[in-house]
Amino acid sequence: VPSGGVRFSAVAGIGASAIAVGDDGVVARTSDRGETWAVRVVALGVGLSDVALPTTAVGYAVGQGGLVLRTMDGGVTWAVLPLPSDASLTGVDFTDAESGWVVGDAGTVFRTSDGGSHWERVSVETTAALTDVAVTSRRVVVTGNDGTITVFPTVGEDAPLVGAPEPVTFTF
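Summary of the structure given here. (Residues numbered from 1 in each chain as written. Predicted model: local features only at pLDDT ≥ 70, side-chain atom pairs only at ≥ 80, totals over all residues. Heavy atoms only, no water.)

Turning our eyes to something else, we now look at the pairing of strand β13 (residues 130–135). Direction of pairing for β13 relative to strand β14 (residues 139–144): antiparallel, over a ladder of 5 bridges. Across the sheet, residue valine 133 finds its bridge partner in β14, namely valine 142. Once β13 ends, the chain turns through 3 residues before running back antiparallel as β14. (Pairing = 2+ DSSP bridges. Helix = DSSP H or I, 4+ residues; strand = E, 2+ residues; numbered from the N terminus.)

And the structure:
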C-alpha cells in the first residue's frame, strides 16, 4: 500500500481486489492483488476507520461524525449514505452488498438490509465506545472498550434479530 505520511487504519479484500482507508478521508484501492494502487481523498478532513468489501464492486467505509460511504464500482467513486447519528463510527461489516452493520462511539449500533439507504438503530446495554463488528449467518459480534463483547443471535441470513432473543453483553 502506498504511504507518504498517511496512516491507514483498515483494509478489506476479496479476490484480487482490496481497499484501504485512513486519515483525512484517504482511500487506496487495488484490483491486481496489490501490484498497483490508486489513492485518492474521498472525504477531506474526515478520518476513516474501517472498510468492508462484500463484493469486488460494492464496498462500505465508516468514519468520524457518523460518516458512511458506499462504492458501487470497486472504490473508484464513493457516495455518502444517510445515517441518523453523528457518532463517530469505528466498525463496519456486510454479509453481502445489501445487509450490514456499523458500530461506534457511545454504544452506537445500526443495521441495514437495503445497502444503507435506510438504517435501524439496534439497542445495546452499553454506552462504551464500540470498536468492531463481525457478521456471520448465525451471529453478530460487537466488541468495545471497557471489555465489552455483545453477541446478537440471528434467525437466518436474511432476517437478523427478527424474533431472536435479546443480545448478550459480556464485560471483562
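Turning our eyes to something else, we now look at the environment of glycine 22. Mapping glycine 22 onto the fold places it in strand β2 (residues 17–22). Of the residues examined, glycine 22 reaches a relative accessible area of 0% and is grouped as buried. Along the chain, glycine 22 and arginine 7 lie 15 residues apart, while their C-alpha atoms are 5.6 Å from each other. Other than its neighbours up to four places away in sequence, glycine 22 contacts Arg7, Phe8, Ser9, Val46, Gly47 and Leu48. (Buried < 20%, exposed > 50% of the residue type's maximum accessible area, 1.4 Å probe, protein only. Contact = heavy atoms within 4.5 Å.)

Our focus in this paragraph is the sheet that holds strand β10 (residues 100–104). An order of β9-β10-β11-β12 is seen for the 4 strands of this open sheet, with the pairing classed as antiparallel. Only two strands of the sheet have a single neighbouring strand rather than two, namely β9 (89–94) and β12 (120–121). Bridge count between strand β11 (residues 108–112) and β12: 2 bridges; the pairing is antiparallel. When the sheet's bridge partners are listed, phenylalanine 110 is paired in β12 with arginine 121.

Attention now moves to the pattern of salt bridges. On inspection of all chains with the given rule, the structure shows 2 salt bridges. A salt bridge links aspartate 23 to arginine 7, with the nearest nitrogen and oxygen atoms 3.4 Å apart. Of this pair, aspartate 23 sits in the loop between β2 and β3 (26–30) while arginine 7 sits in the segment before β1 (8–14), and the two are 16 residues apart along the sequence. Taking the relative accessible area as the measure of exposure, aspartate 23 reaches 27% and is therefore partly exposed. Between glutamate 120 and arginine 111 there is a salt bridge; the shortest N-O distance is 2.8 Å. Looking at glutamate 120, the relative accessible area reads 42%, which means it is partly exposed. Residue class for arginine 111 comes out buried when judged on its relative accessible area of 15%. (Salt bridge = Lys/Arg side-chain N within 4 Å of Asp/Glu carboxyl O.)

By themselves, these figures tell us nothing about what the structure is for.
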